[in-house]
Each structure stands twice: as structure tokens, then as C-alpha cells.
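For reference, the chains in residue letters:
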Amino acid sequence: MLFRSSVTGYVAGSTIQGSTEAIERLQTNNVHSFQRPGADYLGVDASATRLSGHAGSVSIGKIAGESTRFNTYFGYKTPGFDSNDLGFMRRADEKTQSNWFQYRDFKPGRFVRTYNLNFNQYAGWNFGNDRLYSGGNINMHWNWANYYSNGFGINLDAAPFRDRVTRGGPGVLGNRARSIWYYFNTDNRKALSFFYNGDHGADAYDSSRHGFNPGINWRMTSSVTLNTGIRYTINHDDSQWVTNMALANGTTRYVFGRIDQKTVAITTRFNYTLSPNLSLQVYAEPFVSAGQYSNYKELVDGRAPAYEDRYKPYAYSGSADFNVRSFRTTNVLRWEYKPGSALFLVWQQGKSDSEGYGDFNFSRDFRGVFSAPSHNVFLVKFSYWLNM
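Conventions we followed
Residues numbered from 1 in each chain as written. Predicted model: local features only at pLDDT ≥ 70, side-chain atom pairs only at ≥ 80, totals over all residues. Heavy atoms only, no water. Helix = DSSP H or I, 4+ residues; strand = E, 2+ residues; numbered from the N terminus. Buried < 20%, exposed > 50% of the residue type's maximum accessible area, 1.4 Å probe, protein only. Contact = heavy atoms within 4.5 Å. Areas by Shrake-Rupley, 256 points an atom, 1.4 Å probe, with all protein chains shown as cover. 1 Å grid on protein atoms, 1.4 Å probe; cavity = no way out; pocket = protein on both sides within 12 Å on 5 of 7 lines; lining within 4 Å. Points joined across faces, edges and corners; volume = space filled by probe spheres on them. Phe/Tyr/Trp six-rings, centres within 6.5 Å; stacked < 30°, edge-to-face > 60°. Pairing = 2+ DSSP bridges. Arc of directions from axis to C-beta. Polar contact = N/O pair within 3.5 Å; in protein donor to acceptor, adjacent residues only side chain to side chain.

Enquirer: Kindly report on the overall build of the chain, identifying the contributing residues and their values.
Expert: Assigned secondary structure in the chain consists of three helices and 19 strands. With respect to the principal axes defined by its C-alpha atoms, the chain has extents near 70 × 60 × 55 Å. Classification of the 388 residues of the chain by burial places 38% in the buried group. Of the contacts formed within the chain by residues at least 6 apart in sequence, a portion of 58% connects residues at least 24 apart. Entry remark: accessible area of the chain is about 21800 Å², with carbon and sulfur atoms responsible for 57%.

What follows is the structure, encoded as C-alpha cells:
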């Protein structure tokens, strides 16, 4: 029996220095939200000229074995930690943990080539010990004797505490939810293969999400491949944040509404290897998302256990409806003119536009994608290998 374990982790620190205005903006952006009401462990220091913090994680697991593997993880980011000058960090002020266990059978049988079953548990808190999320997942995957594959997963999640939803205002308790996802792939050794991914979820109070993603992979020749797929998402959220309104008495009204949103994107990837040293890659995606709002309401008590007690109706005079269209394409010609040395010619085009209506019309909206104002970028990259 083979038992091989792994221990990994990291520790990091950050310090950002700047003017009092810059550091105050940093403290109050949605990564940190030091001004959030009810968070007595935080506070904005208007005289500060630096922001510091640290982060780390540790993971212990079994990474080899014929039948079972597992992993336990813990990580954290203090409220002042910020690494966005180096990359992308969605939020600070969090503690996370997870556990994973897998049973697997990779001995080919009459019908099944491989099979695995996974159990997951996860949870997260901020440094005020508000439980941001917690839940569990079970998922199963099969590779069949005919090289088809499929799998599915079921998630059950407790009510989260959304401490960033009001963009600097008070946190709001969410609703417990459940969801299922699944996929199916045909034999990808064939010249033409198909795939389908889907997901469906709902919470305990009239909100739901549905995703549909069919597509094909076509290997026309050994040097030409085409991958294209459609992503269609339907989202109904009864408590979507809309805006914060400053009132004359110095308080703030936090406006929410029900959003009914549809999103369609068509993704295409084309690869053409003209020769061992010359290749062309094309990526393109038209995208449309339309959202229509109704049942506006204002936040009353974000921590109220009952959903009906968190909000009360509000006659919002504005409209948050939107219809966003965009088109993105990247085209890359690569020529390796000598071993290790290459020339890249790149053309990127972006089109984007938006309207103030929230209904979705496929014909109208996708015509609007290609008539939207465009922005073009041309790039030449040259590299030369020095053989020392």
C-alpha cells in the first residue's frame, strides 16, 4: 500500500504607503470596507499614511494511494492585507477552511474505465466571526469504456452573511440554498465530439439560477481545430443590491430589488498550425446580458433571521434596468523563425455598448453587439534566443 502525504503553505505580508487621501480610499473600497457599520473590530483612520496586513495558509493531505485521498486546508487574510498591486485579490478580512475526501477506482472494468466519488466541506468567516458561508458538496465522475464521460455534484449551503453586498454599508444575511451541476462529454478522440454542462440552483426565498452550456469540438484535420460553445444563464434574485442613497438627515437608504436577468455568450476558439513553426490562434466571444428590476425594497435589518423582516417595500423612482453588449476577440500569429526565437503578431478588438432597458431580444441585442463602438489594439512581440 502506498501512502504519500503532503504539507504545503505560505505566509505573506503587505504594506502600502501613500497620502492620507489615498490610504483612506483604500480602507473604504470594497476589498477592505473598514467603514462597514456593525463591524466594531474595524474603523477608518483618516490620518493613516500606510496600510499593512498579512496572510497565510496551510494544507495537509494524502496525495497518493490506490483508493483514497484527502486534504484539509486553512487560510486567512487580515483586514489590512492587500496584494492587488501584484495581481487580483477580491477581498481581505477572511478566514477559510475546507476538507476533501475522495474514493477512486481507476481499474478498467467491463463498462467503466475510471470512477471517483468526492466529499467536500467548506466554511469562511470574517475577523468579526460572522460566518460568510458554509456548506457541503458531494460529486461523482465516470469515464466509460467507450471513452464517454459524465459527472454531477450536489451542493447544500447554509445562509451566508454578505458583508460586502451594500458596498460599504451593513452586512446582510442571505438565504440557505441548494444547487446541482452536471456534465456530459462524448469521445474526444473522434474528429467531432460534443459536450454539455449545466447547473441549477435555488435558495429558500424565490431566487434561482440556471445555466446551460452545450458545445462542440471539431478536429477538421490534424492541424486545424475548432471549439465553440454557447453559455445561456437565467438568474432570478429577489434581493439584488441596487444603490445607496444619502438622505438629508445624514443616514443612508440601501435599495434592493428583484432582478430577472438573462445572459448569452458564444465562445469560439480556432487553432490552425500551418507548419511546425507557424501557427494561428483566434478567440472570439459576443456577449449580451439584460437585467430587469422589480419589487424595489429598502434594507431594514440585515441580520434579521426572517427574510420578511430584513426589507420593507420602497417606491424607488429610478430604474436599474440594463442591457449590456460586448464583443471580444484576440488573434495571434506565432512564427518561430529559429529554435527558441519567435515573433508574435497580435490583434485585439473590443466592442461594448449598453442601453437602459432590461428585456432580452436575441436578434436585436446581437445585432447591437457588432454595431457597438470598437477599440483595437495591435501588438508585436519579438524574442531572440541567445545560445551562450
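Enquirer: Now, about the layout of surface pockets: what can you tell me, with residues and values included?
Expert: Size it by volume and the largest pocket reaches roughly 1000 Å³. Lining the largest pocket are 35 residues, and of these Pro160, Arg162, Asn175, Ala177 and Asp237 lie nearest its centre. Elements with a minimum of two residues in the lining of the largest pocket: strand S6 (131-144), strand S10 (177-185), strand S11 (192-203), strand S12 (208-221), strand S13 (224-246) and helix H2 (307-310). Of the volumes computed, that of the second largest pocket is approximately 190 Å³. Surrounding the second largest pocket, 14 residues form its lining, Arg209, Gly211, Arg231, Tyr232 and Thr233 being those nearest its centre.

Enquirer: Which residues make up unusual backbone geometry, and what are the values?
Expert: Even without being glycine, Asn129 reaches a positive phi, approximately 65°. Structurally, Asn129 can be placed in the loop between strand S5 (112-125) and S6. Although it is not a glycine, Asn295 adopts a positive phi angle of roughly 50°. Secondary-structure assignment places Asn295 in strand S15 (residues 278-299).

Enquirer: Which residues make up the side chain of Thr233, and what are the values?
Expert: As for its placement among the helices and strands, Thr233 is situated in strand S13. Looking at Thr233, the relative accessible area reads 16%, which means it is buried. For Thr233, the residues in contact, after removing those within four places along its chain, are Arg209, His210, Gly211, Gln261, Lys262 and Thr263.

Enquirer: Describe the packing of aromatic side chains, and please don't skip the residues or the numbers.
Expert: On inspection of all chains with the given rule, the structure shows 16 aromatic pairs. Taking 6.3 Å as the distance between ring centres and 20° as the angle between the ring planes, the aromatic pair formed by Trp142 and Phe152 counts as stacked. Of the two residues, Trp142 is situated in strand S6 and Phe152 in strand S7 (residues 149-157); the sequence distance between them amounts to 10 residues. Under the relative-accessibility criterion, Trp142 is labelled buried at 17%. The class of Phe152 is partly exposed, set by a relative accessible area of 26%. Arranged with centres 4.9 Å apart and planes meeting at 55°, the rings of Tyr296 and Tyr316 form a pair that is tilted.

Enquirer: Lay out the pairing of strand S3 (residues 68-77) with the relevant residues and their values.
Expert: Looking at chain direction, strand S2 (residues 50-64) and S3 are connected through eight bridges and run antiparallel. Counterpart to Ala55 in the pairing with S3 is Lys77. Hairpin connection of S2 to S3: three residues between the antiparallel strands, including Gly65 at a positive phi of 140°. Across 10 bridges, S3 lies against strand S4 (residues 94-105) in antiparallel orientation. By the bridge assignment for S4, Thr68 is matched with Tyr103.

Enquirer: Any details on helix H3 (residues 362-371)? Residues and values, ideally.
Expert: Within H3 the residues assigned to the buried category are Asp365, Phe366, Gly368 and Val369. The buried residues of H3 all sit within an arc of 150° when viewed along its axis, so they share a single face. Exposed positions of H3 whose direction lies more than 90 degrees from the buried face are Arg367 and Ser371. Buried positions along H3 lie against strand S14 (252-275), S15, strand S17 (322-338) and strand S18 (341-355). Residue Asn361 occupies the N-cap position of H3, its side-chain oxygen lying 3.3 Å from the main-chain nitrogen of Ser363.

Enquirer: Describe the environment of Asp301, and please don't skip the residues or the numbers.
Expert: Within the secondary structure, Asp301 sits in the loop between S15 and H2. A residue is classified by how much of its surface remains accessible, and Asp301, at 37% relative accessible area, is partly exposed. Residues Asp301 and Lys312 lie 11 residues apart in sequence; the distance between their C-alpha atoms is 9.6 Å. Excluding anything up to four places from it in sequence, Asp301 contacts Asp309 and Arg310.

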